[in-house]
Amino acid sequence: MTVMEQRGVYRPTPPPAWQLRTDPAPLLPDAEPYRVLGTEAAGKADEELLRRLYAELVRGRRYNAQATALTKQGRLAVYPSSTGQEACEVAAALVLQERDWLFPSYRDTLAAVARGLDPVQALTLLRGDWHTGYDPREHRIAPLCTPLATQLPHAVGLAHAARLKGDDVVALAMVGDGGTSEGDFHEALNFAAVWQAPVVFLVQNNGFAISVPLDKQTAAPSLAHKAVGYGMPGRLVDGNDAAAVHEVLADAVSRAREGGGPTLVEAVTYRMEAHTNADDATRYRGDAEVEAWREHDPILLLERELTGRGLLDEDGMRVAREDAEVMAADLRERMNEDPELDPMDLFTHVYAEQTTQLREQAAQLRAEIEASEEDDAVGADGEENAR
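For the structure given in this document, a descriptive report is provided here. (Residues numbered from 1 in each chain as written. Predicted model: local features only at pLDDT ≥ 70, side-chain atom pairs only at ≥ 80, totals over all residues. Heavy atoms only, no water.)

1. A look at the packing of helix H1 (residues 47–72) against helix H10 (residues 298–308)
Each pair of packed helices can be summarised by the angle the axes make with each other and by the distance between the axes. The criterion, for reference: Note on definitions: angles span 0 to 180 degrees between N-to-C directions of axes, and those axes are lines fitted to C-alpha atoms, for helices only across the stretch in contact. Each helix is a run of H or I in the DSSP string that is no shorter than four residues. Each strand is a run of E no shorter than two, and both are numbered from the N terminus. Crossing chirality is assigned from the near helix's rotation relative to the far helix, an anticlockwise turn below a right angle marking it left-handed and a clockwise turn marking it right-handed. In what follows, residue pairs with any heavy atoms lying within 4.5 Å of each other are defined as contacts.
Contact geometry for H1 and H10: axes closest at 10 Å, N-to-C directions at 150 degrees. Helix-helix and strand crossings are classified by hand; for H1 and H10 the assignment is left-handed. Judged by residue contacts, Leu 50, Leu 53, Tyr 54, Leu 57, Val 58 and Arg 61 of H1 engage Pro 298, Ile 299, Leu 302, Glu 303 and Leu 306 from H10.

So this is what it looks like as structure tokens:
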């Protein structure tokens, strides 16, 4: 209701005629997460897709385990495991076409690998070596983003620009439940809806923002409900049901590509392991909670469906595990090689054209390196003469 000041007194005036700009009903998510596995819908699912999802889930689980082991061996500075969330990671990668873009967060290395990125390149940033570790344009994968939610406005910008150019491109942006508490999340959703940008937001609600549970972050019925406030559909899906996540994301990507605008998808999943190797999850959650979620493991759910329908047998499971071991062995061998580091790479790929300040800093570092090499050479000559 508006107010009007008359002779120093504020008096209410009737509100102007108005109507809802958008009917909220079609935008609201279902009351329960959408599921496929274990329901009648599973019988209509593509059998080859289910088999591929299973192989990728097994491979992804082994990738997470190997990367975690490399961290304990000192080959990685840190690794945020996505164990338990593999269904979200794999589905996000598989629904995209080659021309589309993936905008991952720091926990989404597996999604990048499932999209075709070299497993070593996906971990390069986490070992403190050479920028992102890969060429984003070549792979259509934005840099793995450590600052929370900053990749979301970038995804909207790219998607909006692609549409203005007439390119048939969709951006899929991934974020955790903790990232929804960041301003970038809200700004991205607002711009995406206003511009009707071809972008899909995938929120992996894994229960905790490091140690903060979801009920300490929001009082909303679900994170998917936040979509209606910006004028886009919200979808709620079982994040451990690989077939369901793939179907929901595929629908959202298709809708975006056809000009229907953005969609917010909340995948309800669980972070089985600690936030990173630097975190002690036992301080804020109990073993009973973790064990309850193990019964809803994404690999176990899909394995039960496939074996129950005669689409997977022991040989098929063995082949999937063996393929995963080959990948892990190659990753282990290559990550155990000490990288050849060039300090001058610090100044490469920062800007398309180096600034004056960067050129000065590069020249200073080069002079210091050359001076150090000369001192080492003089020292070595002195030791040789002393012998």
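From this point, the discussion proceeds with the structure in view.
2. Let's talk about the environment of Leu 94
Keep this limit in mind: In this scheme, a residue with accessible area under 20% of its type's maximum is buried, one over 50% is exposed, and one in between is partly exposed, where area comes from a 1.4 Å probe on protein chains only.
When you line up the elements, Leu 94 lands in helix H2 (residues 86–94). For Leu 94, a relative accessible area of 16% gives the class buried. Taking the C-alpha atoms as reference points, Leu 94 and Ala 227, separated by 133 residues in sequence, lie 24 Å from one another. Setting aside residues up to four positions removed in sequence, Leu 94 forms contacts with Arg 52, Leu 53, Ala 114 and His 246.

3. Re H2
Most of H2 sits inside the fold, with nine of its nine residues counted as buried. Turning to H2, its buried residues number three or more, namely Glu 86, Ala 87, Cys 88, Glu 89, Val 90, Ala 91, Ala 92, Ala 93 and Leu 94.

4. What to know about the nonpolar core
To be explicit about the condition: What is meant by a nonpolar core is a set of buried Ala, Val, Leu, Ile, Met, Phe, Trp, Tyr and Cys residues, joined one to another through side-chain atoms within 4.5 Å.
If you look at the biggest cluster of nonpolar residues, it comprises 63 residues, and the most contacted ones within it are Tyr 54, Tyr 63, Leu 123, Leu 172, Leu 249 and Leu 302. Here Tyr 63 is in contact with Tyr 79, Thr 109, Leu 110, Val 113, Pro 119, Ala 122, Leu 123, Met 327 and Leu 331, once residues within four sequence places are set aside.

5. What to know about a negative patch on the surface
Rules: Patch membership is restricted to residues that have no salt bridge and whose relative accessible area is over 30%. Joining uses 9 Å for like charges and 5 Å for the nonpolar side chains Val, Leu, Ile, Met, Phe, Trp and Tyr. Here, Shrake-Rupley sampling with a 1.4 Å probe gives the accessible areas, and only protein chains in the shown set may cover a residue. Just to be clear on terms, a salt bridge is a Lys or Arg side-chain nitrogen sitting within 4 Å of an Asp or Glu carboxyl oxygen. His is not counted here, nor are the chain ends, while Lys and Arg score as positive and Asp and Glu score as negative. Charge positions are represented by NZ for Lys, CZ for Arg, CG for Asp and CD for Glu.
Together, Glu 370, Glu 373, Glu 374, Asp 375 and Asp 376 line one region of the surface with negative charge. With respect to the secondary-structure elements, Glu 374 resides in helix H12 (residues 356–386).

6. A few points about H10
We apply this condition: Directions are taken from the helix axis to each C-beta atom, and the arc is the one they span. N or O atoms closer than or at 3.5 Å make up a polar contact, with two conditions inside protein: a donor-capable atom paired with an acceptor-capable one, and, for residues adjacent in sequence, both atoms drawn from side chains.
Burial in H10 covers these residues: Pro 298, Ile 299, Leu 301, Leu 302, Glu 305 and Leu 306. Looking straight down H10, one finds its buried side chains confined to an arc of 165 degrees; they lie on one side. In this structure, the buried side of H10 is in contact with H1, H2 and helix H8 (242–257). Where H10 starts, the residue carrying a side-chain oxygen 2.7 Å from the main-chain nitrogen of Ile 299 turns out to be Asp 297.

7. Brief notes about the sheet that holds strand S5 (residues 199–205)
Note the cut-off: Whether two strands pair depends on DSSP finding at least two bridges between them.
Ordered by their spatial adjacency, five strands build an open sheet running S3-S4-S5-S9-S8, and the pairing between neighbours is parallel. Only two strands of the sheet have a single neighbouring strand rather than two, namely strand S3 (101–103) and strand S8 (234–238). Put simply, the sheet's adjacent strands are angled 20 degrees from each other on average, direction ignored. Judged from the three bridges that link them, S3 and strand S4 (residues 171–176) form a sheet pairing that is parallel. In the sheet register, Leu 102 faces S4, and the bridge partner there is Leu 172.

8. Here we look at the side chain of Asp 241
Mapping Asp 241 onto the fold places it in the loop between S8 and H8. It is Arg 35 that comes nearest to the buried, bridge-free Asp 241 among opposite-charge side chains, at 6.2 Å. Here the side chain of Asp 241 touches Val 36 through a polar contact of 2.7 Å, landing on its backbone nitrogen. From its side chain, Asp 241 meets the backbone nitrogen of Leu 37 in a polar contact 2.8 Å long. Discounting chain neighbours no more than four positions away, the residues touching Asp 241 are Arg 35, Val 36, Leu 37 and Ala 87.

9. Looking at the packing of aromatic side chains
Here a ring pair, both rings aromatic, is described through the centre-centre distance and the interplanar angle of the planes. Condition: For Phe, Tyr and Trp, rings pair up if their centres lie within 6.5 Å, where Trp contributes its six-membered ring, and each pair is then called stacked (planes under 30 degrees apart), edge-to-face (over 60) or tilted (otherwise).
Under the defined criterion, the tally for this structure stands at five aromatic pairs. An angle of 35 degrees between the planes, with centres 6.0 Å apart, marks the rings of Trp 101 and Phe 103 as tilted. Like Phe 103, Trp 101 is buried. For the pair Tyr 270 and Trp 293, a centre-to-centre distance of 5.0 Å together with 10 degrees between the ring planes defines the contact as stacked. Taken together, the residues Tyr 270 in the loop between strand S9 (263–268) and helix H9 (287–294) and Trp 293 in helix H9 connect sequence positions 23 residues apart. By relative accessible area, which is 3% here, Tyr 270 ends up buried.

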